[in-house]
Amino acid sequence: MENFNSILFDNTCIRCGGQDSPLCNECCALLGSNPATCPFCSRLSAMRTPCQFHRGQAVTAGLSLAIYADNFRPVLWAAKFKRNRLLAELLGRTLAHAVKQTGWKIELVTFVPSHWLNQIRRGYVLSELCARTVATQLKLPLSRVLVSRTRASQVGLARRKRLENPTKRFALREGVPHSVILIDDIRTTGATLERCAALLREGGARRVYTATIFAENMR
Ligand SMILES: [Zn+2]
Ligand SMILES: [Zn+2]
């Protein structure tokens, strides 16, 4: 009952403790204020393409709404693990708005999958919920073309672990059109997005865009 109550009746902002649950206007405004950077690190990149240190990747360009370290940890936690669906939907809409602003020509929306056991446990998968919102708002098809083979979550894993982990975690189910956008909740090293993007390219994609709610401040 405690979770249930906190979702329905807690009227404070998860990030700052101010009014207007689940995220106050000021904290909402921080989402999307992130400058255009390389999709793998925090170096500025006007076209959101990989910087000189991350050239030759499968990811064409990518965006993130906010830096995770800017007190957004409890926000991601609430949306991803605590079943705060209102918050998750708000994040999805904000992400969709940001994707729309880029002007990227996209034919298909997909997402970094979570293992089905996680989905049952949590009720929804944040990356999928966001992808669904992006697809709806941009009037694009959504397809679950990637599957997860392991249940492991990347959250909380040490950086070295995360880097070695993604290679075996995913598989592609079917071919994809030339231009695809890949949605996830957080970009850390970018290794997961890169692995999924490489699979999408094997499946026929020539341009793979990425969009995540949060990004780690990587250099
Ligand atoms: Zn706030
Ligand atoms: Zn970079």
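Just so it is clear, the model here is predicted, and its values are computed rather than measured.

On to the sheet that holds strand β5 (residues 179-187), then. Spatially, β1-β6-β5-β2 is the arrangement adopted by the four strands of the open sheet, whose pairing is parallel. Strands at the two margins of the open sheet, each flanked by one partner only, are β1 (61-67) and β2 (108-111). The mean inter-strand angle of the sheet, taken between neighbouring strand axes irrespective of direction, is 20°. Bridge count between β2 and β5: four bridges; the pairing is parallel. In the strand pairing of β5, T110 is matched with L182.

Here we take up helix α4 (residues 85-102). With 18 residues, α4 should cover 26 Å at 1.5 Å per step; its first-to-last C-alpha distance of 26 Å lies within 8% of that length. Tucked into the core, α4 has its buried residues touching β1, α3 (73-80), α6 (126-137), β5 and β6 (207-215).

For T188, the position within the fold is in the loop between β5 and α8 (191-202). Taking the C-alpha atoms as reference points, T188 and F40, 148 residues apart in sequence, are found 8.0 Å from one another.

Take the pairing of β6 next. The two faces of the sheet receive side chains in turn, since in a regular strand these alternate between them. Counting buried residues in β6 gives eight out of nine residues, a clear majority hidden from the surface. Direction of pairing for β1 relative to β6: parallel, over a ladder of six bridges. Pairing of A61 across the sheet is with Y209, part of β6. Relative to β6, β5 runs parallel, the two being bridged by eight bridges. Bridge pairing links V180 to V208 in β6. Between the parallel elements β5 and β6, the chain passes through α8 in a crossover that is right-handed.

The nonpolar side chains of soluble globular proteins are, as a tendency, buried together. Core analysis: the biggest nonpolar cluster contains 53 residues, and V134, I181 and L182 have the highest contact counts within it. Every element with two or more residues in this core is listed here: β1, α3, α4, β2, α6, β5, α8 and β6. If we ignore the near neighbours within four places in the chain, the residues touching L182 are T110, F111, V112, L193, C196, A197, L200, V208 and T210.

What counts, and at which threshold
- Residues numbered from 1 in each chain as written.
- Chains lettered and ligands numbered in written order.
- Predicted model: local features only at pLDDT ≥ 70, side-chain atom pairs only at ≥ 80, totals over all residues.
- Pairing = 2+ DSSP bridges.
- Helix = DSSP H or I, 4+ residues; strand = E, 2+ residues; numbered from the N terminus.
- Axes fitted to C-alpha atoms, helices over the stretch in contact; angles between N-to-C directions.
- Expected span 1.5 Å × (residues − 1).
- Contact = placed C-beta atoms within 7 Å.
- Buried ≥ 20, exposed ≤ 12 C-beta atoms within 10 Å, placed from the backbone.
- Right-handed = clockwise from strand over helix to strand, strands pointing away.
- Core = buried A, V, L, I, M, F, W, Y, C linked by C-beta atoms within 7 Å.

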